[in-house]
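# Overview (structure and organization)
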Amino acid sequence: QVHLVESGGGLVHNGGSLRLSCTASRSIFSVEAMDWYRQVPGDEREWVARIAFGGRTTYADYVKGGFTISRKNGKNTVYLQMNSLTPEDSAVYYCNVVGVDTDFRSFTSWGQGTHVTVSS
């Protein structure tokens, strides 16, 4: 079983910064892509950013330039650096990993989320 653990959420003021991290278990053999999503109560979960194998990054159109996704070399860890946060960024942020497990099976795995709250 592949497990993901997110961390780094919290409460910040408008304009502040947070760095989220997501660490996958050692059950992962290889990673195709790692993504960040976010969700607020009553809304659909929405995609935020992706870093693919090889380091290619993409972002949702609503990201206004303050977010950067990155990956720790040699480890199954992905980061989301969030700068210039606004209250509209408040949500539960989830990590998603697409890859191959140690049994050589393709998988998609979700973490349990980390809360981000931005005060005005």
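Heads up: the structure comes first, above all this text.
Residues numbered from 1 in each chain as written. Predicted model: local features only at pLDDT ≥ 70, side-chain atom pairs only at ≥ 80, totals over all residues. Heavy atoms only, no water.

Scanning all chains against the criterion turns up four salt bridges. Across the salt bridge formed by Arg50 and Asp35, the nearest N and O atoms sit 2.7 Å from each other. Linking Arg50 in strand β5 (residues 46–52) with Asp35 in strand β4 (residues 28–39), this pair joins segments that are 15 residues apart in sequence. For Asp35, a relative accessible area of 1% puts it in the buried group. A salt bridge links Asp89 to Arg38; the shortest N-O distance between them is 3.0 Å. Residue Asp89 is found in the loop between β8 (77–82) and β9 (91–101), and its partner Arg38 is found in strand β4; the two are separated by 51 residues along the sequence. (Salt bridge = Lys/Arg side-chain N within 4 Å of Asp/Glu carboxyl O. Helix = DSSP H or I, 4+ residues; strand = E, 2+ residues; numbered from the N terminus. Buried < 20%, exposed > 50% of the residue type's maximum accessible area, 1.4 Å probe, protein only.)

Next up on the list: the nonpolar core. The biggest cluster of nonpolar side chains holds 29 residues, and the ones touching the most others in it are Trp36, Leu80, Met82 and Tyr93. Elements supplying a minimum of two residues to this core: β3 (18–24), β4, β5, β7 (67–71), β8, β9 and β11 (114–119). Discounting chain neighbours no more than four positions away, the residues touching Tyr93 are Glu6, Leu20, Trp36, Tyr37, Arg38, Val48, Phe67, Leu80, Met82, Gly113, Thr114 and Val116. (Core = buried A, V, L, I, M, F, W, Y, C linked by side-chain atoms within 4.5 Å. Contact = heavy atoms within 4.5 Å.)

Our focus in this paragraph is the sheet that holds β7. In spatial order, the strands read β1-β3-β8-β7; together these four strands make up an open sheet with antiparallel pairing. Either end of the sheet is taken by a strand with one partner, and the two such strands are β1 (4–7) and β7. For this sheet, the mean inter-axis angle between neighbouring strands, taken without regard to orientation, is 15°. With six bridges connecting them, β3 and β8 associate as antiparallel partners. Bridge pairing in β8 links Leu18 to Met82. (Pairing = 2+ DSSP bridges. Axes fitted to C-alpha atoms, helices over the stretch in contact; angles between N-to-C directions.)

We now examine the environment of Ser27. Within the fold, Ser27 resides in the loop between β3 and β4. On the accessibility criterion, Ser27 (23% relative accessible area) is partly exposed. In this structure the C-alpha to C-alpha distance between Ser27 and Thr102, which are 75 residues apart in sequence, comes to 5.4 Å. When residues no more than four places from it in sequence are discounted, the contact partners of Ser27 are Gln1, Val2, Asp101 and Thr102.

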